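# Chain and residue survey
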Amino acid sequence: MILKTLVNLFFPQVCRACSNYLSDNEIIVCTSCRHDLPVTNFHFNNDKSIHNILRGRAKIAAGTALFRFEKKSNVQNLIHNLKYRGHENIGVFLGDWLGNELKTITPYNTIDVVIPVPLHNKKLKERGFNQVAKFGQHIAKSINANYIDTILLKVTNTKSQVNKKRFARWDKSNELFSLDHMSALKNKHILLVDDIITTGATMEACIGILNQVKNIKISIAVMAIA
């Protein structure tokens, strides 16, 4: 505790949501932001919002998001700091938060494998990490599931999909992703994780590929829903 106090004195830590200084007993997010972050409680309330996004396009067993996303919000600041400023400990923080809640809830406590939505190798090299890796790893640890990031692969490097219509974005979705060693997923309940779900197009494409595997169930967990 003394060492941490001294470190904070010379290298003060800031809240990754609001940028205010953290006190000695705060980690990643200040107490005020933690209290005010717009949690969805989808998994507690059996909310079907994510099912509704994918309705008629992809079947899932369960779906949840930790937060609601709005532009210029503290949730956007958190994800921006994780994704573009390399603060991977945010993924750890959010993964532990959501994982500790999901482990108590059916059907999430029947999940066998956690798989992140992958980045193309070129983008992975540019960024240095997949922004949802730590998030997925720590959810997997909490719910006693395996974390595997070597089966679902992104084979087409796409530019930002913002402001593009869903059908224009994914008219060749089967060319975006591929599977390797798919037999490892047979008869498994898979949790697919990502940072944000908006139109659901990315999830739709991933699920379409994963459904090549026999007798699987797929659920979804994301940091935020827009």
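Our subject in this report is the structure included herewith. (Residues numbered from 1 in each chain as written. Predicted model: local features only at pLDDT ≥ 70, side-chain atom pairs only at ≥ 80, totals over all residues. Heavy atoms only, no water.)

What follows concerns unusual backbone geometry. Note that the residue after Thr 106, namely Pro 107, is joined by a cis bond; omega there is 10 degrees. Here Pro 107 lies in the loop between helix H6 (89-102) and strand S2 (113-116). In this structure, Lys 72 is a non-glycine residue whose phi angle is positive, near 60 degrees. Following the sequence through the fold, Lys 72 ends up in the loop between strand S1 (63-68) and helix H5 (74-85). The exposure class of Lys 72 is exposed, given its relative accessible area of 81%. Phi is positive for Asn 215, close to 55 degrees, though the residue is something other than glycine. (Helix = DSSP H or I, 4+ residues; strand = E, 2+ residues; numbered from the N terminus. Buried < 20%, exposed > 50% of the residue type's maximum accessible area, 1.4 Å probe, protein only.)

A few words now on the pairing of S2. Regular strands place side chains that alternate from one sheet face to the opposite one. Here S2 shows two buried faces, one formed by Val 113 and Ile 115 and the other by Val 114 and Pro 116. Bridge analysis of S2 against strand S3 (residues 146-147) gives two bridges, and the strand direction is parallel. Its bridge partner being in S3, Val 113 is matched across the sheet by Asn 146. For S2 and strand S6 (residues 189-197), the ladder comprises four bridges, and the chain directions are parallel. For Pro 116, the partnering residue across the bridge sits in S6 and is Val 193. (Pairing = 2+ DSSP bridges.)

Each pair of packed helices can be summarised by the angle the axes make with each other and by the distance between the axes. Taken N-terminus to C-terminus, the directions of H6 and helix H8 (residues 133-143) make an angle of 30 degrees; their axes are 7 Å apart at the nearest point. With respect to each other, H6 and H8 are oriented roughly parallel. Crossing angle aside, the handedness with which H6 passes H8 is right-handed. Here Gly 91, Val 92, Leu 94, Gly 95, Asp 96, Leu 98, Gly 99, Asn 100 and Leu 102 of H6 lie close against H8, whose contacting residues are Lys 134, Phe 135, His 138, Ile 139, Ser 142 and Ile 143. (Axes fitted to C-alpha atoms, helices over the stretch in contact; angles between N-to-C directions. Parallel < 35°, antiparallel > 145°, perpendicular 65-115°, else oblique. Left-handed = near helix turned anticlockwise from the far one by under 90°. Contact = heavy atoms within 4.5 Å.)

With the rule as written, the count across this model stands at zero disulfides. With no disulfide partner, Cys 33 has as its closest neighbouring cysteine sulfur the one in Cys 30, 3.6 Å distant. (Disulfide = S-S within 2.5 Å.)

Mapped onto the elements of the fold, His 120 is located in the loop between S2 and helix H7 (121-127). Exposure remark for His 120: the relative accessible area of 19% places this residue in the buried category. When the C-alpha atoms of His 120 and Thr 156 are compared, they prove to be 6.6 Å apart, with 36 residues separating the residues in sequence. When sequence neighbours within four positions are dropped, the list of residues in contact with His 120 reads Lys 154, Val 155, Thr 156 and Asn 157. A distance of 3.1 Å separates a polar atom in the side chain of His 120 from the backbone nitrogen of Lys 122. (Polar contact = N/O pair within 3.5 Å; in protein donor to acceptor, adjacent residues only side chain to side chain.)

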